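# Reading the structure
The primary structure of each chain is shown beneath.
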Amino acid sequence: MARARKAAAAAVPAAPAGAVLVTGFEPFGGEAVNPSWEICESLAAAIGHARLHTRLVPTEFRRAIEVVAAAIEETEPALVILLGQAGGRAALSVERVAINVDDARIADNAGRQPVDEPVAASGPAAYFATVPIKAMVAAIREAGIPAEVSNSAGTFVCNHLLYGVLHFLAASGRSARAGFIHVPWLESQAVARPGEPAMALATMVRGVEAAIAAALATPEDVRMAAGSLD
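Residues numbered from 1 in each chain as written. Predicted model: local features only at pLDDT ≥ 70, side-chain atom pairs only at ≥ 80, totals over all residues. Heavy atoms only, no water.

## Brief notes about the overall build of the chain
What the chain contains, in helices and strands, is six helices and eleven strands. At 16 Å, the chain has a C-alpha radius of gyration in line with the 17 Å of a compact globule built from 230 residues. Overall, the chain is about 40 × 40 × 40 Å in size when its C-alpha atoms are taken along their principal axes. The 230 residues of the chain split such that 52% are buried. Total accessible area on the chain is roughly 9800 Å²; 54% of this is exposed by carbon and sulfur atoms. Each charge sign in the chain was given a centre, from 18 positive and 23 negative side chains, and these centres are 5 Å apart. (Helix = DSSP H or I, 4+ residues; strand = E, 2+ residues; numbered from the N terminus. Rg over C-alpha atoms; globule rule 2.2 N^0.38 Å. Buried < 20%, exposed > 50% of the residue type's maximum accessible area, 1.4 Å probe, protein only. Areas by Shrake-Rupley, 256 points an atom, 1.4 Å probe, with all protein chains shown as cover. Lys, Arg positive; Asp, Glu negative; His and termini not counted. Charge placed at Lys NZ, Arg CZ, Asp CG, Glu CD.)

Next up, the structure:
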């Protein structure tokens, strides 16, 4: 496939038209592909007047943050959208919060498996995403694609990256907004997992593009019920 260059606060500042950084992870856990990076390779070159930049992120604690921080310094985006695989989920999940803990059930791609370690020793217990999460969920649903607000990004490299990016932005004084979307298995990955939910790549691409457009256009998040009982 040719590569295209292509908290939840009640009120958040609108992102001006400009650069958008979208990241996806390399495969991990024995998988041959990672849908988050497949999505990045298929995104449009721009959404409205905002140019999209993509980066492949190693599925490694610490190194993931370093790669994305460098990409932020290079591209100076108004919006950072991090994508990650969440096998077993049936919807695009827009994450509300990242917590300051690494607790890995499996080793990352560098063989590291931190247990009960902080992402940032001097950081706060958690950061809320600074994107309009509910407007993004609404936009994905309006595109005819299942979407949900998620209140847990886990404790593996996905949560680690979201926390690390929000911590980096806060510490550096940058105004970019940042958030994370977990995506389901690709259909090809679900073949070996009978009964597991999956989603077509084109559907996920359409959903992510709708979420980015909503994040760029929404100065104040919508107020709608999107909580969870579990």
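## Observations regarding helix H1 (residues 35-42)
The element H1 is largely enclosed, with a buried count of seven among its eight residues. For H1, the complete set of buried residues consists of Pro35, Ser36, Trp37, Glu38, Ile39, Cys40 and Glu41.

## Notes on the pattern of salt bridges
Under the counting rule described, the total for this entry stands at six salt bridges. Here Glu95 ties to Arg89 by a salt bridge, and the two come within 3.0 Å at their closest N and O atoms. (Salt bridge = Lys/Arg side-chain N within 4 Å of Asp/Glu carboxyl O.)

## Some points on the side chain of Ser150
By the secondary structure assignment, Ser150 is in strand S8 (residues 147-150). On the basis of relative accessibility, which here comes to 8%, the residue Ser150 falls in the buried class. At 3.2 Å, the side chain of Ser150 forms a polar contact with the side chain of Arg89. With residues up to four places along the chain from it excluded, the contact list for Ser150 reads Arg89, Ser93, Val94, Glu95 and Arg96. (Polar contact = N/O pair within 3.5 Å; in protein donor to acceptor, adjacent residues only side chain to side chain. Contact = heavy atoms within 4.5 Å.)

## Some points on the packing of aromatic side chains
Counting across every chain of the model gives three aromatic pairs. A ring pair is formed by Phe28 and Phe156, whose centres lie 5.7 Å apart and whose planes are at 45 degrees; its orientation type is tilted. With Phe28 in the loop between strand S1 (19-25) and H1 and Phe156 in the loop between S8 and helix H4 (157-172), this residue pair connects regions lying 128 residues apart in the sequence. Comparing Phe28 with Phe156, the two get one shared label, buried. (Phe/Tyr/Trp six-rings, centres within 6.5 Å; stacked < 30°, edge-to-face > 60°.)

## Points about the nonpolar core
In a soluble, globular protein the nonpolar side chains are often hidden away together inside. By size, the foremost hydrophobic cluster in this structure holds 38 residues, and its most contacted members are Met136, Ile181 and Ile212. Ranked by residues supplied to this core, first place goes to helix H6 (residues 201-217) with nine residues. If we ignore the near neighbours within four places in the chain, the residues touching Ile181 are Ile81, Leu82, Leu83, Gly84, Leu92, Ser93, Val94, Met136 and Ala211. Among the nonpolar cores identified, the runner-up in size contains 31 residues, and Ala98, Val157, Val165 and Phe168 belong to it. (Core = buried A, V, L, I, M, F, W, Y, C linked by side-chain atoms within 4.5 Å.)

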